[in-house]
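Structural overview for review
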Amino acid sequence: MAAVSDRLPAFPWDKLEPYKKTAAAHADGIVDLSVGTPVDPVPPLIQRALIEAADSPGYPTVWGTVALRDAITGWVRGRLGASAAEHRNVLPVVGSKELVAWLPTQLGLGAGDKVAYPRLAYPTYEVGARLCGAEAVVYDDPTALDPSGLKLLWLNSPSNPTGKVLAKEDLVRIVAWAREHGILLFSDECYLELGWDAEPVSVLHDDVCGGSYGGIVAVHSLSKRSNLAGYRAAFIAGDADVLGELLEIRKHGGMMTPAPVQAATVAALGDDAHVEEQRGRYAARRAALRAALEAHGFRVEHSEASLYLWVTRDEPCWETVAHLADLGILVAPGDFYGEAGARFVRVAFTATDERVEAAVKRLG
């Protein structure tokens, strides 16, 4: 067992514990803006769907119910602009992090293969490469990479941690490059419905991929847009051959979304009102925190989408973490996401209105 765990980096969040204790000692308690976990209630219609499906004694299927596949394909067509999507182009997964971590292994990658991801990125892309023994490669522009040995290319737009959004013309260029070199492209689009200063576009949009999903797959999650992080509800969509292979592997591995969660996902994807309501909450928190951080001397970069503000005081990130912890505010250091983030911190605006108000007061 140690041989596998030894391939992995140290779990970064453990390093935050001393600063968490400092922040928690504040007289008015901690304002935790570090992890970005949803705190608002699960919408009632989703809870009802889960409860009504609670009597599910049999095994669910890995591919999901027909109703679930209908809901996913309908959403992919309508929301992502992927007009040709069919059931064979979708596959539910048990939360997007599981998919990201185990995808290279399930694709059969290993020593001698390369997995590429953005220079500033969600750490699980690297974890996935390390788990299977592949080489992890970072990029600023993926089309500048050496394509030899590159088997899997990760995009992430909107970005975690920076909130940067790739323009449609950049997506077109990158998709064409990946196809030219026979590189499988996976696009992590879990924050696509949380655009603020830009409108994120999926790689599956007809204008990006030409209506063909060969060589491309998009990853989506209901954790943020529907407050379902605790449900582990997510799915992938795109290349039918790739998804078919993953389906067979996941059948053998028993990687099944629980039946009540499948029913809840159907309800969530069929309702836009709760998504807009949640967007409104996040928009107000984002505006309040951004103004307070800028008034406190921070500079905000990118941050045009997602649930985070990517900010700097032009100092080492751990100094910023310590400064904010003294105010009772916990944030994520930028170097969790790569060396290029060493002078930034990531500030989540997923805390309650009351905690955000507390943070704004302290920053003032």
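Whatever comes next refers back to the structure up there.
Anyway, here's the lowdown on the structure attached to this text. (Residues numbered from 1 in each chain as written. Predicted model: local features only at pLDDT ≥ 70, side-chain atom pairs only at ≥ 80, totals over all residues. Heavy atoms only, no water.)

**A closer look at unusual backbone geometry**
Using the following cut-off: What counts as a helix is a DSSP run of H or I of at least four residues, what counts as a strand is a run of E of at least two, and both are numbered from the N terminus. Accessibility here uses a 1.4 Å probe with only protein chains present; expressed as a share of the type maximum, an area under 20% marks a residue as buried, one over 50% as exposed, and anything in between as partly exposed.
The linkage connecting Ser157 with the following residue, Pro158, adopts the cis geometry, with an omega of -5°. Among the secondary structure elements, Pro158 is positioned in the loop between β5 (150-156) and α7 (168-180). The amide bond that connects Asn160 to the next residue, Pro161, takes the cis arrangement and shows omega of 25°. Among the structural elements, Pro161 can be located in the loop between β5 and α7. For Asn227, which is not glycine, the phi torsion reads 60° and is therefore positive. Within the fold, Asn227 resides in the loop between β7 (216-221) and β8 (234-238). Judged by relative accessible area, which is 7%, Asn227 ranks as buried. The backbone of Arg232 shows a phi angle near 55°, a positive value even though the residue is not glycine. Mapped onto the elements, Arg232 comes out in the loop between β7 and β8. Overall, Arg232 belongs to the partly exposed group, its relative accessible area being 30%.

**Focus: the packing of helix α11 (residues 273-295) against helix α13 (residues 353-363)**
The criterion, for reference: Every axis in this analysis is a line fitted to C-alpha atoms, fitted for helices over the stretch in contact. Angles between the N-to-C directions lie between 0 and 180 degrees. The scheme is simple: roughly parallel for angles under 35 degrees, roughly antiparallel for over 145, roughly perpendicular for 65 to 115, oblique for anything else. Put simply, a crossing is left-handed when the front helix is turned counterclockwise from the back one by less than a right angle, and right-handed when it is turned clockwise. We call two residues in contact whenever any of their non-hydrogen atoms come within 4.5 Å of each other. When residues are sorted by character, Ala, Val, Leu, Ile, Met, Phe, Trp, Tyr, Cys and Pro go into the nonpolar class, Asp, Glu, Lys and Arg into the charged class, and all the rest, Gly among them, into the polar class.
At a minimum axis separation of 9 Å, α11 and α13 run at an interaxial angle of 15°. It follows from the interaxial angle that α11 and α13 lie roughly parallel. In this structure, the crossing between α11 and α13 has a hand that is left-handed. Residue-level contacts link Arg285, Ala288, Leu289, Ala292 and Leu293 of α11 to Asp353, Val356, Ala359, Val360 and Leu363 of α13. For the contact of α11 with α13, the residue count by class is eight nonpolar, no polar and two charged.

**Structural notes on the packing of aromatic side chains**
In this description, an aromatic ring pair is defined by two values, namely the gap between the centres and the angle between the planes. Filter applied, for reference: Think of it this way: a Phe, Tyr or Trp ring, Trp meaning its six-membered ring, pairs with another when their centres are within 6.5 Å, and the plane angle makes it stacked under 30 degrees, edge-to-face over 60, tilted otherwise.
One pass over the full model with this rule turns up 14 aromatic pairs. Note on Trp154 and Phe186: the rings are 5.5 Å apart at their centroids and 65° apart in plane angle, and the pair reads as edge-to-face. With Trp154 in strand β5 and Phe186 in strand β6 (residues 184-188), the pair connects residues that are 32 residues apart, well separated along the chain. What makes Phe186 buried here is its relative accessible area of 0%. Measuring from ring centre to ring centre gives 5.1 Å for Trp310 and Phe344, while their planes differ by 0°; the resulting arrangement is stacked. Placement of Trp310 in strand β10 (residues 308-312) and of Phe344 in the loop between β12 (332-333) and β13 (345-348) is noted, with a sequence separation of 34 residues between them. The class of Trp310 is buried, set by a relative accessible area of 1%.

**A closer look at the side chain of Ser226**
Our working definition: Here a polar contact is recorded for every N or O atom pair within 3.5 Å, except that within protein the pair must consist of a potential hydrogen donor and a potential acceptor, and residues adjacent in sequence are included only if both atoms are side-chain atoms.
On the secondary structure map, Ser226 appears in the loop between β7 and β8. Classification of Ser226 as buried rests on a relative accessible area of 1%. Among the polar contacts made by the side chain of Ser226, one reaches the side chain of Arg225 at a distance of 2.9 Å. When residues no more than four places from it in sequence are discounted, the contact partners of Ser226 are Pro43, Ile46, Ala268 and His274.

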